[in-house]
Each structure stands twice: as structure tokens, then as C-alpha cells.
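# Results of the structural survey
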There are 2 protein chains.
Amino acid sequence: MQQIYFFSEGRRDMRQLLGGKGANLAEMTRLGLPVPQGFTISTVACHEYEKNENQLPETLRQEITQAMQRLETLTDKKFNAVETPLLVSVRSGAAISMPGMMDTILNLGLNEQTVRGLARQTNNERFAWDCYRRLLQMFGNVVYGIPEQVFDSVLTDYKKQHQYQSDLDLTTADLQKIAADFKALYQETGHGEFPESPQKQLELAVAAVFKSWQNPRAQVYRRLHHIDNNIGTAVNVQTMVFGNSGANSGTGVAFTRDPVSGQRKIFGEFLANAQGEDVVSGVRTPEGLQGLAKMAPAAYQQFLTAANQLEQHYADMQDVEFTLEHGKLYLLQTRDGKRTPKAAVRIAVDQVKEGLIDRQTALLRVNPEQISDLLHPEFAPEVLAAQTPLTKGLPASPGAAAGKIYFTANRAKDAHDAGEKVILVRQDTSPEDIVGMAASEAIVTSRGGMTSHAAVVARGMGKCGVVGCENLVVDEKQHQVTIKGTVYPEGSELSVDGASGQLFPGILPATQASQDDNLQTLLNWAQETGEVGVAANADTPADFAQALKFGAQGIGLTRTEHMFFKEDRLMKMRRLIIAATATDRAEPLAELQKLQTEDFYQIYRLAQGKTVTIRLLDPPLHEFLPHDAAEITEVAEALAIPESKLQQRIAVLKEANPMLGHRGCRLAVTYPDIYEMQVTAIIDAALRIKQEGIPVKPHIMLPLIDTLPELQWLRARLVKKINALLAASNTPLHYQIGIMVEMPRACMVADQLAEAADFFSFGTNDLTQLTFGYSRDDIGSFLPTYLEQGILKADPFKSLDVDGVGAFMKMAVDKGRSQQRSLPIGVCGEIGGDPASINYFASIGIDYVSVSPFRVPGAILASAQAAVRRQYQFQKSAVQSR
Amino acid sequence: MQQIYFFSEGRRDMRQLLGGKGANLAEMTRLGLPVPQGFTISTVACHEYEKNENQLPETLRQEITQAMQRLETLTDKKFNAVETPLLVSVRSGAAISMPGMMDTILNLGLNEQTVRGLARQTNNERFAWDCYRRLLQMFGNVVYGIPEQVFDSVLTDYKKQHQYQSDLDLTTADLQKIAADFKALYQETGHGEFPESPQKQLELAVAAVFKSWQNPRAQVYRRLHHIDNNIGTAVNVQTMVFGNSGANSGTGVAFTRDPVSGQRKIFGEFLANAQGEDVVSGVRTPEGLQGLAKMAPAAYQQFLTAANQLEQHYADMQDVEFTLEHGKLYLLQTRDGKRTPKAAVRIAVDQVKEGLIDRQTALLRVNPEQISDLLHPEFAPEVLAAQTPLTKGLPASPGAAAGKIYFTANRAKDAHDAGEKVILVRQDTSPEDIVGMAASEAIVTSRGGMTSHAAVVARGMGKCGVVGCENLVVDEKQHQVTIKGTVYPEGSELSVDGASGQLFPGILPATQASQDDNLQTLLNWAQETGEVGVAANADTPADFAQALKFGAQGIGLTRTEHMFFKEDRLMKMRRLIIAATATDRAEPLAELQKLQTEDFYQIYRLAQGKTVTIRLLDPPLHEFLPHDAAEITEVAEALAIPESKLQQRIAVLKEANPMLGHRGCRLAVTYPDIYEMQVTAIIDAALRIKQEGIPVKPHIMLPLIDTLPELQWLRARLVKKINALLAASNTPLHYQIGIMVEMPRACMVADQLAEAADFFSFGTNDLTQLTFGYSRDDIGSFLPTYLEQGILKADPFKSLDVDGVGAFMKMAVDKGRSQQRSLPIGVCGEIGGDPASINYFASIGIDYVSVSPFRVPGAILASAQAAVRRQYQFQKSAVQSR
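Here's what I pulled together on the structure shown here. The written sequence of each chain sets the order in which its residues are numbered from 1. To label them, take the chains in the order written and letter them from A, then take the ligands in the order written and number them from 1. Under the rules for a predicted model, residues below a pLDDT of 70 receive no local features and side-chain atom pairs below 80 are neither given nor counted, while totals for whole chains, interfaces and linings still include all residues. Side-chain metrics rest on all non-hydrogen atoms present in the structure, leaving aside hydrogens and water.

All names here are of chain B. Strand direction decides the pairing type here: strand S9 (residues 318-325) and strand S10 (residues 328-336), joined by eight bridges, are antiparallel. When the sheet's bridge partners are listed, valine 320 is paired in S10 with threonine 334. Connecting the antiparallel pair S9 and S10 is a turn made up of two residues, with histidine 326 showing a positive phi of about 50°. For two strands to count as paired, DSSP must find a minimum of two bridges between them. By definition, any uninterrupted DSSP run of H or I lasting at least four residues is a helix, any uninterrupted run of E lasting at least two residues is a strand, and each is numbered from the N terminus.

Take a look at the structure:
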């Protein structure tokens, strides 16, 4: 089988075989663009190398020799000749770009003889020796693993000894001496002589590239990015061109559009008389493309034309590397350009308008996970570059915020009320802290993972949040936090970068997110395309209004318990919990009912007939009771009960594993009046709206359902209540009663449950917790190790575990619909916003996901992408089956 | 369709149609035994009644009329005749005995006319009016629901008014007056006239019996006992015979064997000149059967013969009711007699020896759940009868114990060491309390359910245990407990009945369980029959020795963590947990390894080649650290570290939901040296035993496995360690590495896991917790309501939830064996000892269960019963398919 392809033999769609770089070099060649001649040693050769116990097989060595002979003919140069020596670069290139993972060797082919030939040919002895010195350095590093610093220190010492300011002070003689020193380094580090034979150099370089595919760094990278270990890398061997050949030479890189703003104008850098690595090393500051325009106007025009051609051809913004050698332009690489989320959106929309791509393609061009970055304020990169972070936690919720730190919800609230910008810093948060969180610009915790209470609430509120910041020692009593030995008392100034998870001292300026019309356009297209609908998790009219602005199709989850944490209600809730009898409960229930009715009324008004799914009380009652002594005293006073009674109640309600305890519908079975109150509020508010002539669709959702008898028992009770209300009001009203599917048992008996449920909504957080037996609050102690060791590929609370949790969901969907063919099924865990997960949800027939308001746009886009991919797949399989 | 069957038309196998009582009356009639003539209105009629909106259908009324005419002919008496009036009893009788649920009416057919006829006929006016009075009373109660107390108070008032001592003082005139008063009661309570027409009486009585099938009490009973609501009840109409006809009359009941000891001798009671209800009411104390023998020797002989015939015929001990009327013997009922567990065992074994039944039948005759009662000491019924319990909790572990109460493990241990009998009373227990629990006679907790730590450990240790005793207010600091307002300080004397869950003041005498040869015989048969093997959960050589004595086939679960709670080890474990680096951990690990090696060595010695399954460390590390301030100070001192450091470590290890936290194999991934230490101990000890020429089968079990990569990662590490040990010792050794299947995810991916597991063992406790999302420690707050409301049929931790947990197990078995056809699969949760659950385990192909030593005999029997039932089923379906 052919293992080597000349650039003239390849095409862009041969990425798997030639790697991304090789395929693009071939494509540019095919387009007639000025690419230095060369060939690609394919990924097949990489496999053969590995199969051959990490030795180049004889057949491959022969093929390489033949390819070099052909290259000699094509270039009219000679490998290993003193006259017109053929020099090549050797670069790795896998099918999937892995920046910085593999290495490059330039000037390969030089040795003690050919260096002199190069000097003669270029009439520049110093240039030739500098090339040779660079080869020795790169070759030693890439092939033998001699650390770069070793070469650097030789160079530095030499310059110091001769009191040189820069590399440019080095003379030919200096460079010759240094080359000799470098060669001595090979000996000293036990690698023997530098191979003078260019053929040998090439073989060693190719083997080194293949070998580097297996280096631990590369393996970790692939594991982290879920890249298959078996795809292998290709090697590109290309005739050298020299941007450092003197006047009328140079090197540069350009993006066909502005990678930051997305504006349609070429954007590049150029460095006269330089090689690519000079740009990277930062020794000299590059100028804009006008440098090229001034130096070689024709080449500049040629480049603009080529860049434009490449963008049109690839139908995407390109990142193009080029070299000018004695006034002649060469293109060395093209690839899809990296861009900011903002630019990605603009480019995609612009290109549709320009007719370059269709809407489907545009939808695939933006990473849904980055969309929320566009909605939040952020610190500008230049602001961050000037700062040293104090420490770093998990980036739980994007955004940028700065303010004074406070350690309790109450003091945070007070400071906020006094007009301060507040950062709430806690060990972790609990529902009691909600008011303080709402009053803060950002929430920082020392504990917890990406789905801890603090993280979920921060995302829900669209607040900046950093959690699991292990270097924080929070002392809530002393009102101070210690970070790496330094104490920061209450009121200290702190800046929080939710995008990176970093904390900075002092107040940094943040840029506000502005309305982005391109994003709106893209999301409109996405809305039209997506098969999986997107609703919002919204607990307040404010949240819901935000979500509607972002395109939510309704509410998939209103957590009624959050409503009870509002200051005026918490005490009523507590009175309810303390009550010993149904009679004692009646008064607080009636008061809460009035408030809840108003909550729902406001939400229905906003919904204007969109579905509003309301989950009845879910958390265990003890979450509503105070925890520390001072608070207990305070609450006991407020409730006018003996402190001992309150303490006793707290003790009775305490649970060993609250996540698995007396909560959700279990509360409703033991205290039916609470759910009855909530249902009354839901229906009363709906009737009021209906009577105002506004359509309304209340969906009542029961959490934690395990068994059909449990569901039937509850449903019967609630329906009875509702029927009484409807009969009294004489207003027809459609409502639904559905369930959270979040217990593994519910998945197993979903066919039974579908007999009595109008809809299903997966609670993926609880389902994941129970499927794995992982408490999301406690996962932090072992999850990092699990990820590091590759035991888990991702945090299952962030990206769906398809084999486990996903299989349970599929089972539940299939069983549920076997009983009720068009049963509506949603997902209301945070995972609903994860693009990979949405893909899976689409494949198993989920109707909608429900996510926090700031994740709505990302979910809409991800849903559209899933639909486009499925469509492509369908077309592909339709083609294949013909 | 025929709805009425005369006794002469039925047979014993017509239970479904005639009910148990009716079928047995028919069978006795068929055997030629003296049964008063009568007929049974079948369960079909009951359904017709219900279908006919709770009215007797006309066809049935006609059939009843015809049946009464036939009965008149047979008895030569006349219904509604003054001369020779025909009187009948009306009794309910369902296919399944529901004692006390349905009601009886005697003397039906009496009215103002026939009562006079009866008086003339019997020449006993007082007797006739007493019969009439009783009819009015029973009829009013059963048919109209007039409370018995209403009739009783009329009677009592009358007697008080006339200063009568007893019913016997009532004269005919008195009884006539009372009958009139009773009739007035019908009017007063709005039920109009007492129906004088016997036909009307009969129809109303039959309808009342049918109706009573649906009364709430009966429905609850059926729900609690899992009896199908639809089977319905039959009604038996039988000619009255009168044991209260004067001299040479009487009534009695007899068991064909001693129902307490099981001894083969007739055991009965007789009351001269009395009706059955007099025996029940307890007004007069019955004498033994010698009373009958003296009164009517021929009838006595006839009865002995009949009783023996019935036992032979039914091939089981019978409970026979009889009446003697003017010297003539009548049999009124026979049924399988209730008996104590001890008697059940003896009777079953004796009857096999007598050739009456085969071994299979004998195995089915004993309730496996009651077997453990035979192994524990108990309070004699007469001892308990004389006491009033202080309070009652859940009977977590059987047995009887008395001693002085202590509130902390340490003080309990000290008192025990000082020679006291100790009862440990705590709010709840944790693994730290193990030493104190081991030193106590009984464990009592105020919190927790049947599978709480205290309950599980108590059962495991074979100690008496009462948990969830909500009336206890335990103050561990003040060393006292308050029970219903009374304070009991440390050292107070308490008696604990593990069988009933009751607590008594003072020291009650307990009887020790003795060796029971009959039980041994029965268990030997069971061992030969059972398909599901029975192993033991045993953490110490003592436990294991006990289990072996009870017939365990090996160890299915050794919880290594319990070994670390021994006093000398706990501190080493703590040192290990406090250690900051692997180096600091090395020393305590080495010490623990030495101790564990000895543990395993002792257990292997006992096992003599039987399988020993050892579960590696399972609980979270914080369980090993102290909790209260005093202990923390103490431990910090012992470990020679600052208290703050210990507190910090405790804080770091604290978890929101420890059950779902950093435990099991997750610990092994983050701290691999702990499992490596344990595996080294397991293998070293095995090699030592092997070298002594004793066979050894170590099975290493990994808890909490979720994913294949996790299992592979761990297995690779442990196998590497083991291979090094085996290579060093040069001794061949077979070992296995298997997994606990206890996470729902593990069930879902069991096919994957079977690639790398040598065996599966279901951890049904964790699996049930995660399937339902129930914490077994917190279930107490809602489970009682769930059971009461019929939402759950049973506590899923006590009896397998077949639809949910069972379905997960079946899925895991099927998937696991799809990968590895003969994969050994066990169950090592406490549920393994539940008979109904074992039945299911047998049906899905579970190889063995592993239970605490005292549950081993019950499990062996249950397993045998499952096999016998499956065999019968197989035979039945083989017959049907012919």
C-alpha cells in the first residue's frame, strides 16, 4: 500500500490519511497556489511503524528514498549535495489539530558539507551557519529529547562571554563555534555523533515524529480531548524556503477575517527577514500586513487573492502561514482559523449573508458552550494579562465581577443594601444563602463541584461563580478568608473571573455584554432547526423574563422551594415545619398559599400561554431550618417558641443522607396539605389569568416518584383538590400532572408510571447521583483523580454518561412510550445544556430540555446542531443505502 | 351456575369456591364424620352480589330458599316452625383464613314464635330465650353494625339494677325483658323492626357477610397480608347444635398435637354445658379433654378417632372444634393448627418419620423467618404476660436480654469488663460503637430502621436489638434516657425483648435456646434440597464459627472495615487517615497489614477450603475518626498531633451524603496503598495456610464498582501486587477477584463488568437505596406512612422489591452471563435471608445468598422451600402440558 503522497497527489478530504496539515498542503497545491514542493508520509506509515516495534519498516525507508529522489527532480536540487543542496522541513500533522503537541525540524539536510554549499548558494555564510545551528538545536531536541534549555544555555553563555546583546551580534565564526559546541552536546548527553547523512537525519526525524505520537503529553492531551489513540499522525516533508534570506524576504501569518471581532477584513502579521520561529520566539515584534505590502506590493496582492480564494474554497475563515523568499511568495499552511465566540457568531452569520455557506453550516460553526460567554460581562484579556491570580477554583458560572468580600448571606445582603458591590465567599452554600447570593455580584466557595448548590444557583441566577476553590480557608465566624497564608478580612476587595475560575486582588474593570444582533440571527435560525425544544429553569418572574429574552419556549422547571427562601416567606415556612398538628399548619399554609398564588400569577402573565411546569416542594424540610446557634436563637424568638423545641425539631429532621431522605413526593405523602396548598395556588392563579382572557398552561410536576401506587395516591388526592376548585370557579382549564423521572426505579417501571403521568421530565442530577452512587456535593474528593486516571472521561454531572445514565433514560423513554405512545418527555437537569448530551437526547426522542436562563441560547444552538448532524447522517446513510 | 353446595357435595380441594371452612366441612362430611347438616353459599355468589350492586340476586334468593327446604327435609325440622324449628348458624369463610375479620350469627331462625317452640322442644324456656337474646345481639351487630357495647351496656345495666353477679342469674323473664329491650334498640338506632321472618333473617345475614368482605378492616388486613381482593368469601349455613343444652352437653376445641412443644399427643379444652362463644368470652375457665372423657367416654373415644383420622387425612396437625349435644358428638370445624416455631419443626420432622408426609412437604411446613427465634434466648410468654412494657421499638434482632443501661460504647465496655451485664442505649450507633456493642447483651436505639447500623450489626453479632424506639430521649452527655417522662440514669436495669421490640423495667429471666435435634434434621434435609447456596456474612473467626455451626457453606462477605474498629487497630487506622503523605502512611499500613494477615489466617483455618469472600475497605474514612469534642482531644493526644490538625482533617473528610461519597473502590483509586495492603494480607495469609497443607479459596471483592475502566484499573493494580507475592513465594494459589454489584449503573453495564470480574455479588442494601433513592438510615420518617397507605407493600430493605430492585438484579444477571456464561453470582445483603426474596433469587439464577450467622438456618430452609416450590410448579406444568 502506498505510504507516501506528494502534495500534488492529495486532496483536502484525505485528512485521515494525510493529517490536516498534509491534506491542506495538497489542496493548496491542487488549487495552483505557490506551495513549496513536498510530500506527506501517511498515518498508515505511522501504524506500520508502531506495528514494527517502533522501527521504520524497510519498505517505508525505500519509499522515503524514492520520494526524496523525486523531490530532487522536482526542485532541481540535491539532497546531500554541496551544490544546490535540498533542505527540507519535517513536521507532524494529525487528522485532528493538536497544537503544540508535536514538533518541527527545519533545515534538515544540512551537515558540515552542505552548510558550505548553502553559504555559497545564498552568498551568505552567516545565514547558512545560523540555519545549521538551528537544525542542530531542533534535531537534538526533537529526535534525542535533549532539553531546549541545554542548547539555550550554551548560546546564552556564549553571548555573555562575548558581551553580545542579541543573536544578531553573533558572527559566522561564533555560529561555527556554537555549532561545534552543540555537536559536542550530543556526545556529552550520550547520543553519539550528529548524523551527517541527510538520509539518516530524515529517517530519524520521521521516526521521532511517529514516536512523539505516543509521548505521555500527547496521550494526556488526546484523553482530555477524547481523541482516539489509534488515528496516528502523518509527517510532512517539504522543501525549505527561507524568509530570513535577507532583503525582500520575510514571514507572516494572516487570518482572512478578524479573529476577535469577526469583521470581514484580512488581519495579519509580518516580520521582515525572518523565519517562522522568530515570530513565535517574540524576539522581534511583527508589524501588520502593510509591511508585506510595502516590501513587495505584487506579492501582497497575490497573497490577498490567495487568502480570499482559500476562504471561498474552504468556506470558512482561514489562518494562513506564508513566507516571502527573495520577493517570491510561498504558502506554508492553511487551516480553519481559531476565533473568539463573538467572532465565530459574526463570521457564521456574515458568511450566510454572503452566500458562502448555508444556515445549517453556520449553525455548526459556533460552539454552543461558548455562547453564554457572550451574555456575561468579562475581563478583557489585556486586563487579565497584567494580573497574577491569587488562586483558582472551578469556573462554575461565567461572568466577571469585582467587589468587597462577605462571608455570610446576611452581611452580604446588608452590604448590598448599603450600596456596596458584594462578593459572597463561603465554604459552601445552602438554600438559606439564596438571599445573600442574590445580593452578590459573584459567589465563591472553597468546596463543591460544578453541580454543587453554589454552582447551580449561580448559573441559575446568571451570576459569576467560582467553586471548589481549595486554597481558600474560609473562617465564617472570624469573617475572614486565608489564601495561601494571607488573611483577607471582610470588606477586602476581590475580582472574580467566572470564565477561568481565577480570583484576583483588588477591583478589575469588567466589560459589559452588549446586545449582539448576529447572535440573535443565529439563534433564530437555530430555533427553526432544532428538534429538541428548549425551555427554562426559572423560579422567579425575573429569571423567566430573562429566559424568554434568550428564546426559551416556556418553563420546564420552576422550583417552588426557592420561592420559600425569600425573606418574608422563610419564617412562614419555618412556622409550618414547627407546627405539630394540621390545625397549627393551617395558618402558615394559608399565608404561603396566598404568596404562591401571586408568584404563579406573575409567571403565567409572562408566559402568555407558554407551558409553565411547576415542580412541587422537593427538598427535605430541614433545609428551611436554621443551622447555627445564633440563628436558632433568633428564629426561636421570631417564632415565639422555646429554643429547645426548635432544636428538637431540627434534631428530629436531621438526616444521615438528606439526598436520599424525606423529600420530594415523600413529603407529600406524610404532609399532604403542603402539596395541596401548592396545587391550589397553581390552579387559583391559572383561573385568575384565564378569567383575564390570557391563555395558560400549568403543568404540575411531582418529584422523586418511585412507584405507580405512590403516583396514583398523590394524583388522586391532587385531582380531587383541583376538581373541587374547577367546579367552584366554573372555568374550564387544561392542566397536566407529570413526574420527574430521577430515581433509577422510575426508569425501570416507566411503563407503569406512564399509566398515570401526563409527562415525564428527567432530573438528570438526581438520576446521575443514584446511577453512580455519587453525591454531587462530595464528588470533589475523588473525581479529579478519576478524570486524571482516565477512569471517567468526563464529569457525569456536566456531560451525560451515555452508557449508564443515558441507557437508563433510553429505557425509560422506550418503556414510557410503550404505554403512552406520544408521552411528552423532557430533561430538566443542568446537563440539558450540554451539547454532546443534547445530541444523545435527540437520538432517544427527548422532546425538550430545560436549562437555566443563561444556558438557553447555548441549548437552542446545540439542539439545532444535533438536528443538522442527524440530517447529515440521514443523508449519508440514504446515499450509502442507494 | 350452581351457587350453593351442600356439605355432601363438596371436597377439600374446592377451597376457592367454598372457602376454607366450607371445604373442610364438606370433606369431614365426605369422610363420614358427624357434621351438622348444612350448605355453603359459594364465593361465586359473593361476586354476583357485588356485581348486583350489593343486593342478593333473585336467582340466589331462590337457590337459598330451595337449599333451606332441602335442609328441612334432611334434618326433619322446619324453618319458621314453632314445632321442631330449624335453627342455623351463618358463618363466613374465605379461601384464605382471615381470623377475626368476618362475623358469625348463631341461632338464626328464632323469632317470637319459634323461640317458644324451641323452649317446648328443649323443655328449657330459659335456654330458648337466652338463644334468642344472643341472636338479637349478634344479628344487630353483624347485620346492622350496632356496636356490641350498646347491647352489652343494656345487659350490664340490667344486671346492676337487679344486683345480679353474672349472666347465670338472669331468669327467663329477665331474658324476655332484655330481648324486648334489644329489639327496641333496633328501633332507636334507626333499623326498624327486627325481621321476624327467618327467611328474611337469612338473606340479610348472607348479604351482611358478603358486605363485610369489603369493610375497611378486612381490606386493610388483605392489603397487609397480600391477599387478593377479588377472591371473595363464601357463607356457611349450618344446622345449630347446642353444647349448652344442659347435662351431657358441652363444647371444645382440640389440637391433634401439642401446639407449643409439638409433642404427639392430643391437646384440647372442653367446657361443659356451653356454646363456643362462652369459651371465647372467658367467663368460664375450660378444663382439659378429660372433662369430655368423664362426661361421655364413648363420645370422647369417637372424637379421638376422628381427630386422628383428620390428621392422617390432612397429613398435618389439625385444630378441631366440636360440640356435644345430649351426648352426641358433632364436629364443627377442622383446620391446620397454628403452632410455635419449635412445634412446627418437631411436628414436620416427626411426621416424616411417621411416614405421614415426605421431606419436601416437611420443608414447606416451617416458616423460615421464625427459625432464628429458635436460636436465640427468649422471655417465656408467662413472664411477659405479667409485665407492662415501658415502650416499644422495631424488633431489629431477636433474643432476650437484661442488664444495666449505658450510653456510650466506652462506658458499656468498661462496665462489661467489670463483670456487668450491659444494655447499650444510644440515639443511633456508628462503627465506632462496635466495641461497646460487642460488650453488650442488647442494643437499643431511639433512631433508625430495620437496616440501620445498629440493627445490622446486632443481627450480625446475634445480639438482641431494638431500634427506632421513638419514645426514648437519649441524653448521652448526661448519661440518662427519658422514657415517657421518667428519667433512667446510667446503670438502671432494663430488659429488652428483641422478638417484640418491647422494653421492660428491671431484670426479667430469659430462657436459653437449647440444641434442637429436630431443627438439625430439618436443616440437613434443607441443605440437600436447596438450589441457592447459603454462605455467611462473618467478620470475625467467632462469627464464622457460629455460621459454620449453623450450616454456612463459606463466607460470602467479610467486611474488613469492622476489623479496623477493634480497639488496638482503630488508632492505627486513624494514624493512617491523618497521614499527609504515602511515606507517613507506610508505617500504620504495615502494622495493619500484619494484623489483617492474622485475621484472614484464622478465618481460612476455620474455612478449611470453603470459599472466603473478603470485601476490601468500604466505608468513608471519616467513619474512623472521632466525632465529639472530648474524643477529638483524646485522639489528638494519642496521635501526638495538634487538635486543630485533627479537626481540620475531620472537616475535610466530612460529607453531605456519606452514602454517596468517597468510599469503596473510590478510596482505592485515590489511596491505592490501602487496598494493596489488604490484598497483600489476604494473599500472604492464604499462602501461609496453603503451606500448612490446608486448602484455601480467597475471593477478593471490590465494592461500589460503577464502570469497567474503574474495575480494570483496580484489578490491574491488585493483580500486579498479587503476582509479585506469588512469584516470591513460589506457591501456586487460586484466587478470584469479583465485584459487588450495588450501583444501578453496574447493573446496566453488567455485561461490560463481567469482562473483568470473576464473580458478582449483589449488595442489595446499597442497590435498594439507590434504586429507590432511600437512605436506609432516614427511611423511618416516611416508611410507616407508605406501608400504612399501601403505597409500599413491604419495607424494601426487608423484602425484595421485585419490580424495581429485582428487575435490576435480573438485568445484571442476564447481562453478566451474556458475557460470561457461568459467572458465579451471589447476594450479600441482609435481604438474602428473606424467604420471598430467596424465591425470586432462585428464579433468576442466583447461585448463593450470604447472610448473618443467625439467619443462616432460615436462609437454608427458605432456599429449600424455593426449590421444592419450583419442583412442584415444574411437575404441575409438566402435567398440564401433557
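Working rule for contacts: check all heavy atoms of both residues, and any pair within 4.5 Å makes them a contact. Taken together, the contact between chain A and chain B spans 47 residues of the former and 47 residues of the latter. By buried area we mean the combined loss of accessible area, with a 1.4 Å probe, across both parts when two parts are placed together. The junction of chain A with chain B conceals about 4,100 Å² of combined surface from both sides, 58% of it contributed by carbon and sulfur atoms. Of all residues in chain A, Leu660(A), Arg745(A) and Ile791(A) give up the largest surface area on contact with chain B, accounting jointly for 15% of the area buried on that side. What counts as a salt bridge is simple: a side-chain nitrogen of Lys or Arg found within 4 Å of a carboxyl oxygen of Asp or Glu. Joining chain A to chain B, the criterion identifies two salt bridges.

For the rest of this paragraph, the subject is the environment of Ala807(B). Its place among the elements puts Ala807(B) in helix H34 (residues 802-819). Sequence separation between Ala807(B) and Pro541(B) is 266 residues, and the spatial gap between their C-alpha atoms is 35 Å.

The subject of this paragraph is the environment of Glu196(A). Residues and elements named next belong to chain A. With respect to the element layout, glutamate 196 can be found in the loop between helix H7 (172-188) and helix H8 (198-212). Only protein chains enter the calculation, and the probe is 1.4 Å; a residue is then buried if its accessible area is under 20% of its type maximum, exposed if over 50%, and partly exposed in between. You can call glutamate 196 partly exposed: its relative accessible area is 28%. Sequence spacing of glutamate 196 and glutamine 302 is 106 residues, and the spatial spacing of their C-alpha atoms is 39 Å. Not counting residues within four places of it along the chain, the set of residues in contact with glutamate 196 comprises Asn111, Glu112, Gln113, Tyr132, Lys183 and Gln201.

Below, the discussion takes up the relation of the copies chain A and chain B. Copies overlap after least-squares fitting; the atoms used are the C-alpha atoms of residues with pLDDT of at least 70 in both. Here chain A sits on chain B after a turn of 179° about the axis and a move of 0.2 Å along it, with an RMSD of 0.3 Å. The relationship between the two copies is best expressed as a two-fold rotation axis. Mapped onto chain B, 100% of the interface residues of chain A are again interface residues, and the two copies thus contact each other with one and the same surface.

Enumeration according to the criterion identifies 86 salt bridges over all chains in this entry. Here Arg666(A) makes a salt bridge to Asp706(A), at a shortest N to O gap of 3.4 Å. Here Arg666(A) is found in helix H27 (residues 665-670), whereas its partner Asp706(A) is found in the loop between strand S25 (697-702) and helix H29 (708-729), with 40 residues between them in sequence. The pair Arg666(A) / Asp706(A) is uniform in exposure class, with both members buried. Two residues, Glu476(B) and Arg426(B), come together in a salt bridge whose shortest N-O distance is 3.4 Å. With Glu476(B) in the loop between strand S17 (472-475) and strand S18 (480-483) and Arg426(B) in strand S14 (residues 422-426), this pair connects stretches of sequence that are 50 residues apart. On the accessibility criterion, Arg426(B) (13% relative accessible area) is buried. Within this structure, Glu561(A), Arg615(A), Asp618(A), Arg663(A) and Asp766(A) form a network of salt bridges that share partners.

What follows is about helix H23 (residues 567-578) of chain B. Since one α-helical turn is 3.6 residues long, residues separated by three or four positions face the same way. Residues and elements named next belong to chain B. Given a rise of 1.5 Å per residue, 12 residues ought to cover 16 Å, and the 17 Å separating the end C-alpha atoms of H23 matches this to within 8%. Buried within H23 are the following residues: Arg569, Leu570, Met573, Arg574, Leu576, Ile577 and Ile578. Buried residues belonging to H23 abut helix H22 (560-564), helix H24 (582-607), helix H25 (629-639), helix H26 (643-653) and helix H28 (672-691). What a helix should span is 1.5 Å times the count of its residues minus one.

This brings us to the sheet that holds strand S5 (residues 233-239) of chain A. Residue and element names in this part refer to chain A. Here five strands make up an open sheet; going across it, the order is S1-S2-S5-S3-S4 and the pairing antiparallel. Both edges of this open sheet fall to strand S1 (4-6) and strand S4 (104-108), since each of them pairs with a single strand only. Within the sheet, the average angular offset between the axes of one strand and its neighbour, ignoring direction, is 20°. Bridge analysis of S1 against strand S2 (residues 38-41) gives three bridges, and the strand direction is antiparallel. Its bridge partner lying in S2, isoleucine 4 is registered against isoleucine 41. Its contacts with the sheet put helix H1 (residues 15-30) on S1, S2, strand S3 (88-94) and S5, and the angle it makes with S3 is roughly 125°. Lines fitted to the C-alpha atoms define the axes, with helices restricted to the stretch that makes contact. Angles between their N-to-C directions range from 0 to 180 degrees.

Turning to the pairing of strand S6 (residues 250-255) of chain A, a few remarks are in order. Residues and elements named next belong to chain A. Burial analysis of S6 places five of its six residues in the buried class, the great majority of the element. When S6 meets strand S7 (residues 267-272), the two strands line up antiparallel, connected through six bridges. Among the inter-strand pairings, phenylalanine 255 is bridged to a residue of S7, identified as phenylalanine 267. Bridge count for S6 against strand S9 (residues 318-325) is six bridges, and the pairing is antiparallel. By the bridge assignment for S9, threonine 251 is matched with threonine 323.

Within the secondary structure layout, Asn244(B) lies in the loop between strand S5 (233-239) and strand S6 (250-255). Once residues within four sequence positions are removed from consideration, Asn244(B) is found in contact with Phe127(B), Asn273(B), Ala274(B) and Gln275(B).

Residue and element names in this part refer to chain B. Pairing within the closed barrel is parallel, and its eight strands lie in the order S22-S23-S24-S25-S26-S27-S28-S29. Taken pair by pair, the neighbouring strands of this sheet meet at an average axis angle of 30°, ignoring direction. Taken together, the four bridges between strand S22 (residues 533-537) and strand S29 (residues 848-851) define a ladder with parallel strand orientation. Bridge pairing in S29 places glycine 533 opposite tyrosine 848. Each of strand S25 (697-702) and strand S26 (736-741) is contacted by helix H29 (residues 708-729), which is oriented at about 150° to S26, the strand it contacts most. In this fold H34 packs onto S26, strand S27 (760-762) and strand S28 (825-827), with an angle of close to 180° to the strand it touches most, S27.

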